[in-house]
Amino acid sequence: MSRHLNNLTVKVWRQAGPTATGQFETHVIDSITDEASFLEMLDVLNERLIADGKEAIVFDHDCREGICGTCSLMINGQAHGPQRATTTCQLHMRSFKSNDTIVIEPWRAGAFPIVKDLMVDRSAFDRIVESGGYITSPTGGAPDANLIPVPKPVADAAMDSAACIGCGACVAACPNGAANLFVGAKIAHLNLLPQGQAERFKRAEAMVDTMDEHFGSCTNHGECSAACPKEISLDVIALMNKDYRSAKFKNRKELSRN
Amino acid sequence: MLEDRPATSALLNSKVPAGVLADKWDTFKANAKLVNPNNKRKFKVIVVGTGLAGASAAATLAELGYQVDAFTFHDSARRAHSIAAQGGINAAKNYQGDGDSVHRLFTDTIKGGDFRSREANVYRLAQVSVNIIDQMVAQGVPFAREYGGLLDNRSFGGAQVSRTFYARGQTGQQLLLGAYQQLSRQIGSGGVRLFNRCELVDIVVIDGRAAGIVTRDLLTGQVTSHAAHAVVLATGGYGNVYFLSTNAMNCNVTAAWRAHRRGAYFANPCYTQIHPTCIPQADETQSKLTLMSESLRNDGRVWVPKNSDESRPAHQIPEEDRDYYLERLYPSYGNLAPRDISSRAAKRLVDKGQGVGPLKNGVYLDFSAAINRLGRNVVEERYGNLFEMYERIAGENPYEVPMRIYPATHYTMGGLWVDYELQTTIPGLYAAGEANFSDHGANRLGASALMQGLADGYFVLPYTISNGLAPLLNKSVPGTDHPEFKRVEAEARDRYQAYINVKGTRSPDYFHRELGKIIWDYCGMERDRNGLEKAISEIPALYDEFKKDLRVTGTGEGVNQTLEKAGRVDDFFQLGMLMCKDALTREESAGGHFRVEYQTDEGEAQRDDEKFCHVAAWEWTGDASNAQRHEEQLSFETLQLATRSYK
């Protein structure tokens, strides 16, 4: 049965714009039902701010079902908060108790500049996909779908990697601000499949090079995978590195026969 | 048939090609005008929305060589709400050899839609469904496979064949990422310019033709004009008019509604779909509802206590005190009765006080029999991820306590009226995906929304838009310096400033929630004349209050989510009014539109084919409560009108 949380101290990052100086703002909240989601707690706080004539806290969110990847937030220093394999929007207040202090910050990464308050700009992810995160297949030219059998274990492994929601928690959790888990997941998804072989090495090279323009370097901390709401495995980084290395070191003509 | 009915209104020419149903699309393509490859780059097309329909249309049009400007209010094109679809996508591949065909998918879709959709559009949808699967596999969508490496299928409600392709419980996500990646490829190569965090706030019509759009940059508040030769709206449905729905928080009707106000007819707004298996509302602060896949009903048994004053926990209630009402009322389909029927049955029992849970607002979906029969392992294998999701949200373990579920708004079949070419009543303005009305009639079958979005974007619009653009070659079209663009821009700026200037006491969310309650109570799962009349009198009163007492804090410059919300709620008010009017004038029950006055002795929906075998398309007259109703007669040349039965 539901209970209510009282005397919650919420310290939330406020920043008027990308170049403005930010600071924490403290609010004390009472009578939040533990059935509420974390973002619904913020909704309640925002309603109160509006009632007081103040600006609502800006944060990104959309589906609130853990699939669109829009929501973010560092909650008490953890990307998406304390619950394993759970996005912020699926985190509920039953994970907290009365008198708790909750510190809320935006994603912390140089490649994700703050837009306002808790909202950041993750468009560097899109630049990486634009550089090669696709299989070139113009509409209308596809052969019958069953002409290309895909062994079930391969399809399953591709799906495990494709489950990435592009939220950026991996980057936010990484001490180096690296995007290797995100990029590795996309490369693994497409490079494992038979359909992805034609552009396999070109893709790995282009995506990694674009990644390097925006993000820090991976030093195998593994924080990314621990923070990932979809539990993407570190293996994808190994797959990415292998294909990137092949792309860089092998003879191009030889590669084309792979 | 129906000779005494008034002829279809003049603007509502569906432009369905003549000839045999199965040949119509080929006939269209054979006669459609083409644009030479070298000339395509002279045309600019605007695509608004980057869900399945928008992303696939933008990518394909750019591949063909058109200049494409794509718009999304999200931070990235990958966030569109198509991503949340779980179950799958239908296609008449007949890979299972179980008797499927284009004709059978067509028949199921028409019947599922309760004979309120246009035959020719639905047939074309079934035809191109097979190309969609080919296309998505080529793009690398990791559909589920058999051990031999071939594609796997599952079955879905309303069909007797297995034609649904799926990628675990994340089919929408995988299809959207496929389309997003094709779009990204075009952005990378310069074929598409993407405007993210940019919301459409108006459509510009010059000399009777769509000339472009006016947008508001959500980062700066800047209002800007964009001119084009054609505009595609792929902006989704309007389910968030109910406030609580399974739609994402930012889904809204603004693009479609602003087009409606500029002359696009809005068709069948009362056709909304309620999904029976959602997690019930837990408290007053709830912001949205979450759907649990319909597949759970394959093994879960739905029941409520027989006594409304029951207070024991579920496992202590003996069999004789339980009412397995779906099995009792619909013995042949049982727990798998169609969406609208299961939803209404749940509502009736909850209304009678037999609901379960702390707020008595749900029914049980019980897996204990399945766990006893199959073992926990098998149940976990089939539904493990859904059970985890339920536990995260509801805080109860469904292996031990039955799930609690209740219906929620999920999809809207109504939308902008379009002809066979997906063109609205404004020439040059097209609508695709959930934003249009054309393919699902009064009720959509499971796994058909993804199919329609991709069909429109990949395989229909590229042909029909070329047909529309060819005659414009080397003719000048108005640019953004045209006074009409300036006028509409100024109007939009004034509108957003006006929300800030009210300086009342209530937030946009407050009004949205209140509006949602009215629409849900009177234009939700069941409607009747009294309720709808009540809604039609209550909505304007609340709308007046909105105009006088709205409070938007902050300014129009920079990010202001409260201001964005105010604009969307404003449009929901007007649409809500039109929905109720449409529901009131449709004096029959059909699919998702259930009028209490029109039901059989057994409580099932009763159509009136004599009077209502038509599309109701509404024309804006300056005020939603005075909208003008037009009719497009539906004629069924291939199928016979029949009554749906799931007994």
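In this text, all values refer to a predicted model and were calculated from it rather than measured experimentally.

S.K.: Where do I start with the overall build of chain B in this structure?
M.R.: Assigned secondary structure in chain B consists of 17 helices and 19 strands. By the compact-globule yardstick of 26 Å for 647 residues, chain B fits well, its C-alpha radius of gyration being 24 Å. Structurally, chain B occupies a C-alpha span of about 75 × 60 × 55 Å along its principal axes. By residue count, 59% of the 647 residues in chain B fall in the buried class. Looking at chain B alone, contacts between residues at least 24 apart form 74% of all its contacts between residues at least 6 apart.

S.K.: How should the sheet that holds strand S1 (residues 44-48) of chain B be read in this particular structure?
M.R.: Whether parallel or antiparallel, the strands of a sheet pair through hydrogen bonds between backbone atoms. Residues and elements named next belong to chain B. In space, the five strands of this open sheet follow the order S5-S2-S1-S9-S17, with parallel pairing throughout. Either end of the sheet is taken by a strand with one partner, and the two such strands are strand S5 (192-195) and strand S17 (429-431). Adjacent strand axes in the sheet meet at a mean angle of 20°, parallel and antiparallel pairs treated alike. Sheet analysis places strand S9 (residues 230-233) next to S17, joined by three bridges and oriented parallel. Across the sheet, the residue bridging to Val231 is Leu429, located in S17. Packing of helix H12 (residues 449-469) onto the sheet brings it into contact with S1, S9 and S17, and relative to S9 it is tilted by some 150°.

S.K.: In this structure, what is going on with the interface of chain A and chain B? I would like to understand it.
M.R.: In many reports, interface size means the accessible area that the parts give up when they come together. Counting residues at the interface gives 68 residues for chain A, matched by 63 residues for chain B. Taken together, the elements giving at least two residues each to the side of chain A that touches chain B come down to helix H1 (38-51), strand S8 (114-116), helix H2 (123-130), helix H3 (152-162) and helix H5 (180-192) of chain A.

S.K.: Help me understand the sheet that holds strand S6 (residues 198-206) of chain B, please; the structure alone is not making it clear to me.
M.R.: All names here are of chain B. As summarised here, the arrangement of the three strands in space is S6-S7-S8, forming an open sheet in which the pairing is antiparallel. The open sheet has two edge strands, S6 and strand S8 (223-227), and neither has a second partner. With direction set aside, neighbouring strand axes in the sheet form an average angle of 30°. Taken together, the eight bridges between S6 and strand S7 (residues 209-217) define a ladder with antiparallel strand orientation. Within S7, the position partnered with Asp202 by the bridge is Val214. Contacts from helix H13 (residues 483-502) reach S6, S7 and S8 within the one sheet, and its direction differs from that of S6 by about 140°.

S.K.: Teacher, can you tell me more about the domain arrangement of chain B here?
M.R.: Residues and elements named next belong to chain B. What the domain assignment reports for chain B is domain 1 (47-273 + 411-472), domain 2 (275-410) and domain 3 (483-633). Using only C-alpha atoms to locate each centre, domain 1 and domain 2 end up separated by 31 Å. Contact residues are listed per partner, giving 16 residues for domain 1 and 21 residues for domain 2. Classifying every residue of the side of domain 1 that touches domain 2 gives four nonpolar, 12 polar and no charged.

S.K.: It is not clear to me how helix H1 (residues 24-31) of chain B should be interpreted in this structure. Could you clarify?
M.R.: One turn of the α-helix equals 3.6 residues, which is why residues spaced by three or four share an orientation. Residues and elements named next belong to chain B. Turning to H1, its buried residues number three or more, namely Lys24, Trp25 and Phe28. The buried residues of H1 occupy one face: seen down the axis, they fall within an arc of 100°. At its buried positions, H1 is contacted by helix H5 (119-138).

S.K.: Would you take a moment to explain the domain arrangement of chain A for this structure?
M.R.: Residue and element names in this part refer to chain A. Along its sequence, chain A is carved into domain 1 (4-116) and domain 2 (123-255). The C-alpha-based centres of domain 1 and domain 2 are spaced at 30 Å. Listed per partner, the contact involves 17 residues of domain 1 and 15 residues of domain 2. Here the residues of the side of domain 1 that touches domain 2 sort into nine nonpolar, seven polar and one charged.

S.K.: Quick question: what am I supposed to make of unusual backbone geometry here?
M.R.: All names here are of chain B. Residues other than glycine seldom take positive phi values, yet Arg168 does so here, at roughly 45°. Locating Arg168 in the fold gives a position in the loop between strand S4 (164-165) and helix H6 (171-188). The phi dihedral of Lys503 is positive, around 50°, even though this residue is not glycine. With respect to the element layout, Lys503 can be found in the loop between H13 and helix H14 (508-523). Look at Lys503 and you get exposed, because 12 C-beta atoms sit within 10 Å.

S.K.: Is there a simple way to explain the nonpolar core in this structure?
M.R.: Side chains of a nonpolar character, in soluble globular proteins, are inclined to be buried together. Judged by nonpolar contacts, the single largest core of 296 residues is most densely connected at Val171 of chain A together with Val232 and Leu416 of chain B. The biggest single contributor to this core is helix H16 (residues 561-585) of chain B, with 12 residues. Those residues in contact with Leu416 of chain B that lie beyond four places of it in its chain are Leu233, Ala256, Ala259, Ala264, Phe266, Ala267, Thr424, Ala431, Ala435, Asn436 and Phe437 of chain B.

S.K.: Sorry, what's going on with the packing of H14 of chain B against helix H15 (residues 529-549) of chain B here?
M.R.: Packed helix pairs are characterised by how far apart their axes lie and by the angle those axes make with each other. Residue and element names in this part refer to chain B. It is at 9 Å that the axes of H14 and H15 come closest, and there the two elements cross at 175°. One finds that H14 runs roughly antiparallel with respect to H15. Counting all contacts with H14, which are made through Phe511, Glu514, Leu515, Ile518, Ile519, Asp521, Tyr522 and Cys523, the residues of H15 involved are Gly531, Leu532, Lys534, Ala535, Glu538, Ile539, Leu542 and Phe546. Taken together, the residues that form the contact of H14 with H15 break down as 11 nonpolar, one polar and four charged.

S.K.: Is there a simple way to think about the environment of Ile29 of chain A in this case?
M.R.: Residues and elements named next belong to chain A. Following the sequence through the fold, Ile29 ends up in strand S3 (residues 23-29). According to the C-beta neighbour criterion, Ile29 is partly exposed, with 17 such atoms within 10 Å. Ignoring anything within four residues of it in the chain, the contact list for Ile29 reads Leu8, Val10 and Leu45.

Conventions used here
- Residues numbered from 1 in each chain as written.
- Chains lettered and ligands numbered in written order.
- Predicted model: local features only at pLDDT ≥ 70, side-chain atom pairs only at ≥ 80, totals over all residues.
- Helix = DSSP H or I, 4+ residues; strand = E, 2+ residues; numbered from the N terminus.
- Rg over C-alpha atoms; globule rule 2.2 N^0.38 Å.
- Buried ≥ 20, exposed ≤ 12 C-beta atoms within 10 Å, placed from the backbone.
- Contact = placed C-beta atoms within 7 Å.
- Pairing = 2+ DSSP bridges.
- Axes fitted to C-alpha atoms, helices over the stretch in contact; angles between N-to-C directions.
- Domains from an automatic or database assignment.
- Nonpolar A, V, L, I, M, F, W, Y, C, P; charged D, E, K, R; others polar.
- Arc of directions from axis to C-beta.
- Core = buried A, V, L, I, M, F, W, Y, C linked by C-beta atoms within 7 Å.
- Parallel < 35°, antiparallel > 145°, perpendicular 65-115°, else oblique.

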